[in-house]
Amino acid sequence: MVSGENVTSIAWTEPGAGSDLRGIRTKAVRDGDDWLISGQKTFIGNGISGDASLVLARTDGSTGRGKHDSFSLFMVGKGEGYTTGKQLDKMGLKASDTAELFFDDVRVPHADLVGEEGKGLQYAAEQLPQGRLAIAVASSAVVRAIYEATVRYTKDRNAFGERVIDFQNTRFELADILTELEVTETYVDQAIRAFNAGELDAASAARAKLWASERAKSVTDRCLQLHGGYGYILEYPVAQAFLAARLLTIFGGTNEIMRDVVGRTIAD
Ligand SMILES: Cc1cc2nc3c(=O)[nH]c(=O)nc-3n(C[C@H](O)[C@H](O)[C@H](O)COP(=O)(O)OP(=O)(O)OC[C@H]3O[C@@H](n4cnc5c(N)ncnc54)[C@H](O)[C@@H]3O)c2cc1C
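The rules behind the values
Residues numbered from 1 in each chain as written. Predicted model: local features only at pLDDT ≥ 70, side-chain atom pairs only at ≥ 80, totals over all residues. Near = placed C-beta within 6 Å. Helix = DSSP H or I, 4+ residues; strand = E, 2+ residues; numbered from the N terminus. Nonpolar A, V, L, I, M, F, W, Y, C, P; charged D, E, K, R; others polar. Domains from an automatic or database assignment. Axes fitted to C-alpha atoms, helices over the stretch in contact; angles between N-to-C directions. Parallel < 35°, antiparallel > 145°, perpendicular 65-115°, else oblique. Left-handed = near helix turned anticlockwise from the far one by under 90°. Contact = placed C-beta atoms within 7 Å.

Engineer: Looking at this structure, I do not really get the site of the ligand. What am I missing?
Structural biologist: By nearness alone, 20 residues border the ligand, and Gly 18, Ser 19, Gly 45, Thr 254 and Glu 256 come closest of all. Sorting the residues of the shell around the ligand by element identifies strand E1 (8-11), strand E3 (34-45) and helix H5 (255-267) as the ones contributing at least two each. Along the lines of polarity and charge, the residues of the shell around the ligand split into 9 nonpolar, 8 polar and 3 charged. Shared between two domains, the shell around the ligand takes at least three residues from each, and those domains are domain 1 (8-117) and domain 2 (122-267).

Engineer: Honestly, the packing of helix H1 (residues 120-156) against helix H4 (residues 237-245) in this entry has me stumped. Any pointers?
Structural biologist: Each packed pair of helices is defined by two parameters, the angle between the axes and the distance between the axes. Viewed as axis vectors pointing N to C, H1 and H4 meet at an angle of 155°, and their least axial separation amounts to 10 Å. Between H1 and H4, the angle falls in the class roughly antiparallel. As H1 runs across H4, the sense of the crossing is left-handed. Residues Val 142, Ile 146, Ala 149 and Thr 150 of H1 pack against Pro 237, Val 238, Ala 241 and Ala 245 of H4.

Engineer: Can you help me understand unusual backbone geometry in this one?
Structural biologist: Note on backbone geometry: most residues besides glycine have negative phi, and most peptide bonds are trans. Phi at Leu 93 is positive, roughly 50°, even though this residue is not glycine. For Leu 93, the position within the fold is in the loop between strand E6 (82-87) and strand E7 (98-109).

Engineer: When you look at the domain arrangement of the protein in this model, what are you seeing that I'm missing?
Structural biologist: Frequently, the measure chosen for interface size is the accessible area removed from exposure when the parts meet. As far as domains go, the protein holds domain 1 (8-117) and domain 2 (122-267). With centres defined by C-alpha atoms, the gap from domain 1 to domain 2 works out at 31 Å. With 9 residues of domain 1 in contact, the opposing surface of domain 2 contributes 9 residues. Residue classes in the side of domain 1 that touches domain 2 are distributed as 6 nonpolar, 3 polar and no charged.

Structure (structure tokens):
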């Protein structure tokens, strides 16, 4: 995986459970030295191009909403019983594949249980701050790139005998966006420093993801407006960024879940 020879995916989300992973139904049943995995996953990035998938499955035989120790992680290689569904037609990020996965009694050796049985959700939770920080970094980068593209565009474009950037509305919008951009970069840098020091807790990562992704969503929308009709044409980076950025408040935990994580720490 590190050398890039094996492409993998993370398969946690199911058609019936996304935000609430304790509702997943994919199950793994012990069979001698192996496990048999059955179930369905959806929205899996690299589901088609990947060689193997890190699958979250229920291992305690329970039904309904599982307990914190009802789930385990397995590294499942493509093989018999492992079927890839169709590529989902996303509104943006067309370069990456996202797909459904189906497991029909896929036989997995016990050695491919990741860590200890019953600790799948715990391992997932331990990785969440890093994943959410990565989304905050991507969001911050989108804001900078689209701000700079919009400054260039509005300097080049003329209307009513002036450059678009010479209208007060454009300057006010860009002034607000530059301020938000610098606040976002500073805030995300602070989260990176905390992560590098091993001190980024779940709520701080959630706040960074919440703040930066909301800025990316809002800034791509406002910059698209400053491009006029050209902003609606996919040839222009702002149009692609608008579509791609729409995901940032949804995946890696929706921003409603981020607010819930942060809100709990305030209420505690
Ligand atoms: C392009 C794309 C790529 C993805 N890649 C992957 C991947 O590689 N691997 C993977 O496992 N998953 C992946 N996902 C799944 C993604 O993480 C989920 O879509 C996301 O966690 C939300 O789950 P859901 O879609 O089931 O929405 P739901 O959980 O059904 O949520 C629906 C709405 O209810 C709200 N809601 C839910 N619970 C609460 C609550 N407690 N309080 C308030 N509001 C709430 C949500 O915020 C949302 O607005 C991907 C999704 C997309 C679209």
